[in-house]
2 protein chains.
Amino acid sequence: MSLKEIFATRATRMKASEIRELLKLLDQPDIISFAGGIPDPDLFPKTEFAKAFADALNGPMAAQGLQYSTSEGYLPLRVWIARQMQAIGIPATPDNILITSGSQQALDYLGKLFLSPGDTALVGWPTYLGALGAFNAYEPHYDKLDPLSNRTGPDYAATAEAKGGKAKFAYLSVDFANPTGATVSHAARARVIDLADEMEIAVIEDAAYQSLRFDGEAIPPILTLEAARKGGNLEACRTIYCGSFSKTLSPGLRVGWVVAAMPVISQLVLMKQAADLHSATLNQIAITQVAEQHFDSHVATIRDAYSARRDVMLKALTQHMPEGVSWTKPEGGMFIWVTLPGQLDGAELLKQALESARVAFVPGHAFFADGSGRNTIRLSFSNSSEDKIAEGIKRLGALVSKAIAA
Amino acid sequence: MSLKEIFATRATRMKASEIRELLKLLDQPDIISFAGGIPDPDLFPKTEFAKAFADALNGPMAAQGLQYSTSEGYLPLRVWIARQMQAIGIPATPDNILITSGSQQALDYLGKLFLSPGDTALVGWPTYLGALGAFNAYEPHYDKLDPLSNRTGPDYAATAEAKGGKAKFAYLSVDFANPTGATVSHAARARVIDLADEMEIAVIEDAAYQSLRFDGEAIPPILTLEAARKGGNLEACRTIYCGSFSKTLSPGLRVGWVVAAMPVISQLVLMKQAADLHSATLNQIAITQVAEQHFDSHVATIRDAYSARRDVMLKALTQHMPEGVSWTKPEGGMFIWVTLPGQLDGAELLKQALESARVAFVPGHAFFADGSGRNTIRLSFSNSSEDKIAEGIKRLGALVSKAIAA
């Protein structure tokens, strides 16, 4: 980009300031917000982190914590993660793991690694907005990933090539996905591996919410299924698994990870070395201690809290939403996805909701690569009290009833 | 990149493991290393950081420190940086500042923002290896930046276009640069602005070492000179200033910053949002406290220590290096750049130095975009005691004398 272009595009792309405007509105004390897909800060393990940072900075690790470190990440953290991965059937060693600054960075690096302008990325319709944001920088086309009904490889490859590029990967968030709260079925996961094998493309498995399952049976990760199919050999797998501590321990410390075959990890390590050297050393040391000592108990605590909030939201939706409105029943995570009657527009409803009902949420069309889904909205239940959830859905239900009647 | 290509290129690009091998050698206790361009960890402000992290995590800031935050960075830190910038003549407001995960990330984002494959980047010969690493991802050509003798804009533009791209920016490290220790003169800084104005390109001013001036007169940053020329209006400036806490407070926390006109910052904020959301919140809060309370006194301490080490190294070079060897006399920073007689090869010398003299350094040719400079080596004096510096240079001098005689 030239300096001139940067100055010219300024007016049309002030997304950061738009967000600031929205956040200002949300800060008004009488607004009940189901907008941000963020953890409840009251549930952060503050004491545990205070101790971990104190231990790191007052002990023999202090110099190491403040110094440069290797691009692949702090070894004891990779060891802990490898054990966690093994527990869910992924035969990873620490050499299969790269520490990233949140899983968002993993998505950016994977976009950079795979995509040239005009290539095709297969994504869900809708899908995680941050994934589209990360991939967009590399100028791909998007095609709809719908594992149980997608045509097979050669068709797809032909479509992609007609557009001037090649299909490079399928991206999907597997458990209680942002934005829908939906979980990809066992059959669909297996089908994604078939599809990827046929098309010779990678699979990017976004498992950011995986630890937040409240009920129902856990479904094995795609990488687990693929490794099992390929004789337990991770090196033969095309699936790249992205994990994160953002939904379990803390998003503000920016620590996530990628699990993949070693050649993929080697490329990502080189990329990280060139892009930001490494993720913050001290944060990796502190998160290792908190993970080793408190991960399971802490995750149980937040699961209980979020699960109760989901229940309240589902109950309130049943009580207050008029006929013609439907919603997902997520088995975990942070989100419920609401589909309104076709004539309603989520963005228009948000404006009214902020003005009259004093309730906030995210209109759904932003999550569609093709801009469809105007009659959908995303509700987050993770960061509101049960009382506020009951009250907010009551107000929203009244507003939707009014809008349908109008 | 396709999965197949990744698996194929594996063997030729195992840079991370090569580095691991080198690091293993350097860990041997009898090796005196002038290789790593890293701060002395004994000089980190550990107590101050221990207090800052404790204050952040035990007080009302805890939830904020562990939560998501804005892509542009923590406002009080941007306020502190803006004041520092104003003190050196850069009329920056907090809105002109983006917090990055080290200045390495700034270089990556600037490469991503400006460069399309085949574009030209003007860089020093030699220049900072990490800058080449960051820019290489965007596949530019390089041309030699030599402000006092470079031909003017149209010539350059024609050269660049003949290669299929456009000249997009000039990159230079201005004070006690890595790897040479050299400082860009006032006249050369002024000339870079002329050149950039003529060519309508950006200037990337890497000021990573600026605070580490031991003696001599400080030279105003390029951005200061340009702002003064343009009526004190930063918004009219094409220079983009990259700063870092890595050489002053801590590299392991990964906190740096970019100062630029607001349209450039807006673009970089969007890019950061897509690439890793934001730099670690807690680290920004802690570094703000340490910077506010201890920056000047701490920087004075490390300047004193590094300055004494530079003096010892310069004295030892004079004592022990044979005729035909020359070196820079840096006024600050961490590096001395040694030019050997033309028939000697720095990489070959390193092999001998590790085996017989048990001394390590970095061969200079890696820092040249064109692979020249084989008879140069980089010595870092920041991370060795004065005794080890005296002893190491003595051993190295003997080895060089032997190599010349051979």
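From a predicted model like this one, the values you see are computed outputs, not experimental measurements. (Residues numbered from 1 in each chain as written. Chains lettered and ligands numbered in written order. Predicted model: local features only at pLDDT ≥ 70, side-chain atom pairs only at ≥ 80, totals over all residues. Heavy atoms only, no water.)

## Things to note about the relation of the copies chain A and chain B
The condition is simple: Our superposition of the copies is a least-squares fit, built on the C-alpha atoms of residues whose pLDDT is at least 70 in both. Throughout, a residue-residue contact means that at least one pair of heavy atoms, one from each residue, lies within 4.5 Å.
When chain A is fitted to chain B, the residual RMSD is 0.0 Å, and the transformation amounts to a turn of 180° plus an axial shift of 0.0 Å. In symmetry terms, the pair is related by a two-fold rotation axis. Both copies contact each other with a shared surface, as 100% of the interface residues of chain A are interface residues in chain B too.

## Regarding the pattern of salt bridges
Residues and elements named next belong to chain A. How we decide: Any Lys or Arg side-chain nitrogen located within 4 Å of an Asp or Glu carboxyl oxygen qualifies as a salt bridge. In this description a helix means any DSSP run of H or I spanning at least four residues, a strand means any run of E spanning at least two, and both kinds are numbered starting from the N terminus. Buried residues are those whose accessible area, probed at 1.4 Å on protein chains only, stays under 20% of the maximum for their type, while exposed residues exceed 50% and partly exposed ones sit between those limits.
By the definition in use, this model includes 34 salt bridges over all chains. We note a salt bridge from Lys-168 to Asp-119, for which the minimum N-O separation is 2.7 Å. Of this pair, Lys-168 sits in strand β5 (residues 167-173) while Asp-119 sits in the loop between α6 (102-114) and β3 (120-123), placing them 49 residues apart in sequence. In this pair, the class of Lys-168 matches that of Asp-119, namely buried. Salt bridges here are not isolated pairs; linked through shared partners, they connect Asp-197, Glu-226, Lys-230 and Arg-238.

## Thoughts on the side chain of Thr180(A)
Residue and element names in this part refer to chain A. Note the threshold: N or O atoms within 3.5 Å of each other form a polar contact, as long as, within protein, one can give a hydrogen and the other can take it, and as long as residues adjacent in sequence are counted only when both atoms are side-chain atoms.
Structurally, Thr-180 can be placed in the loop between β5 and α9 (186-199). On the basis of relative accessibility, which here comes to 12%, the residue Thr-180 falls in the buried class. One polar contact links the side chain of Thr-180 to the main-chain amide nitrogen of Ala-182, over a distance of 3.0 Å. Beyond its immediate chain neighbours, meaning those up to four positions away, Thr-180 contacts Pro-126, Thr-328, Phe-335, Ile-336 and Trp-337.

## Some points on empty space enclosed by the protein
Gaps left between atoms show up when a probe the size of a water molecule is rolled over them. Which entries qualify depends on this criterion: Definitions used for this entry: grid spacing 1 Å over protein atoms alone; cavity, a set of points where a 1.4 Å probe fits but cannot get out; pocket, an open set with protein on both sides within 12 Å along at least 5 of 7 lines; lining residue, one with an atom within 4 Å of a point. Grid points are joined across faces, edges and corners, and a volume is the space filled by probe spheres set on the points. Residue polarity follows a fixed list, in which Ala, Val, Leu, Ile, Met, Phe, Trp, Tyr, Cys and Pro are nonpolar, Asp, Glu, Lys and Arg are charged, and the others, Gly among them, are polar.
Following the criterion strictly, the structure yields 4 cavities of 30 Å³ or more and no others. Lining the largest cavity are 17 residues, with Ser101(A), Arg254(A), Ala280(A), Ser101(B) and Ala280(B) sitting closest to its centre. Of the residues contributing to the lining of the largest cavity, the split by class is 5 nonpolar, 8 polar and 4 charged.

## Points about the interface of chain A and chain B
Our working rule: Accessible area that two parts lose when put together, evaluated with a 1.4 Å probe and summed over both, is termed the buried area.
Taken together, the contacts link 76 residues of chain A with 76 residues of chain B. Each partner contributes to the roughly 6,200 Å² buried at the junction of chain A and chain B, and carbon and sulfur atoms together form 63% of this total. Measuring nitrogen to oxygen at the nearest pair gives 3.0 Å for the salt bridge that ties Lys112(A) to Asp108(B). Broken down by secondary-structure element, the contributors of at least two residues to the side of chain A that touches chain B are α1 (3-9), α2 (15-26), α3 (46-58), α4 (62-66), α6, α7 (129-136), α11 (262-276) and α12 (281-320) of chain A. Per element, the largest residue contribution to the side of chain A that touches chain B is 11 residues, and it comes from α11(A). A per-class count over the side of chain A that touches chain B returns 40 nonpolar, 20 polar and 16 charged.

## Describing helix α14 (residues 386-405) of chain B
Since the α-helix packs 3.6 residues into each turn, any two residues three or four apart lie on the same face. Residue and element names in this part refer to chain B. Definition in use: Multiply 1.5 Å by the residue count of a helix minus one, and that product is the helix's expected span.
Look at α14: 29 Å from first C-alpha to last across 20 residues, which is about the 28 Å you get at 1.5 Å a residue. Taken residue by residue, α14 has Ile-389, Gly-392, Ile-393, Leu-396, Gly-397, Leu-399, Val-400 and Ala-403 as its buried positions. Contacts made by the buried residues of α14 are with β1 (32-33), α12 (281-320), α13 (346-357), β11 (359-360) and β13 (376-380).

## Here's the deal with the nonpolar core
Applicable threshold: To define a nonpolar core, start from buried Ala, Val, Leu, Ile, Met, Phe, Trp, Tyr and Cys residues and group those joined through side-chain atoms within 4.5 Å.
Of all hydrophobic cores here, the largest spans 110 residues; its most connected members are Phe245(A), Val259(A), Phe245(B) and Val259(B). Those residues in contact with Val259(B), other than ones at most four positions away along the chain, are Met85(B), Ile90(B), Ala92(B), Asn96(B), Ile97(B), Leu223(B), Leu234(B), Thr239(B), Ile240(B), Tyr241(B) and Ile265(B).

## Things to note about the environment of Gln86(A)
Residues and elements named next belong to chain A. Within the secondary structure, Gln-86 sits in helix α5 (residues 75-87). By relative accessible area, Gln-86 is classed as partly exposed at 45%. Distance in space between the C-alpha atoms of Gln-86 and Gly-124 is 27 Å, their sequence separation being 38 residues.

## Side note on the domain arrangement of chain A
All names here are of chain A. Under the convention used in this document: The domain limits used here are those given by an automatic or database domain assignment.
For chain A, the domain assignment lists domain 1 (3-45 + 297-405) and domain 2 (59-294). Counting residues at the interface gives 29 residues for domain 1, matched by 28 residues for domain 2. Together domain 1 and domain 2 conceal approximately 2,400 Å² of surface at their shared face, both sides included; 65% is due to carbon and sulfur atoms. Run the count over domain 1 and domain 2 and you get 2 salt bridges. The closest approach of N and O atoms between Asp-215 and Arg-310, which form a salt bridge, is 2.7 Å. Seen at the junction of domain 1 and domain 2, the total is 12 residue pairs in polar contact (both at pLDDT 80 or more). Going through the elements one at a time, α12 and β10 (335-339) are the ones with two or more residues in the side of domain 1 that touches domain 2. Of all the elements, α12 adds the most residues to the side of domain 1 that touches domain 2, at 8 residues.

## Focus on the sheet that holds strand β12 (residues 362-363) of chain A
All names here are of chain A. Threshold: By the convention used here, strands pair only if DSSP detects at least 2 bridges between them.
The 4 strands are arranged β9-β10-β13-β12 in an open sheet whose pairing can be described as antiparallel. Only two strands of the sheet have a single neighbouring strand rather than two, namely β9 (326-327) and β12. When β9 meets β10, the two strands line up antiparallel, connected through 2 bridges. Each residue of the ladder has a partner; that of Trp-327, found in β10, is Val-338.

## Some thoughts on the pairing of strand β5 (residues 167-173) of chain B
Residues and elements named next belong to chain B. In terms of burial, β5 is a largely internal element, 7 of the 7 residues being buried. Where strand β3 (residues 120-123) lies against β5, 4 bridges are found, and the strand directions are parallel. The partner of Leu-122 across the bridge, within β5, is Ala-170. Relative to strand β6 (residues 202-206), β5 is paired through 5 bridges, and the arrangement is parallel.

## Re the sheet that holds strand β4 (residues 141-144) of chain A
Residue and element names in this part refer to chain A. Threshold: Every angle, taken between N-to-C directions, lies between 0 and 180 degrees, and every axis is a line fitted to C-alpha atoms, over only the stretch in contact when it is a helix.
If you walk across this open sheet you meet the 7 strands as β2-β8-β7-β6-β5-β3-β4, and the pairing is mixed. Both outer strands of the open sheet, β2 (97-100) and β4, are each paired with one neighbouring strand and no more. Here the strands of the sheet are splayed against their neighbours by 25° on average, with no regard to which way each runs. In this sheet, strand β8 (residues 256-259) lies alongside strand β7 (residues 239-244) in antiparallel orientation, the contact comprising 4 bridges.

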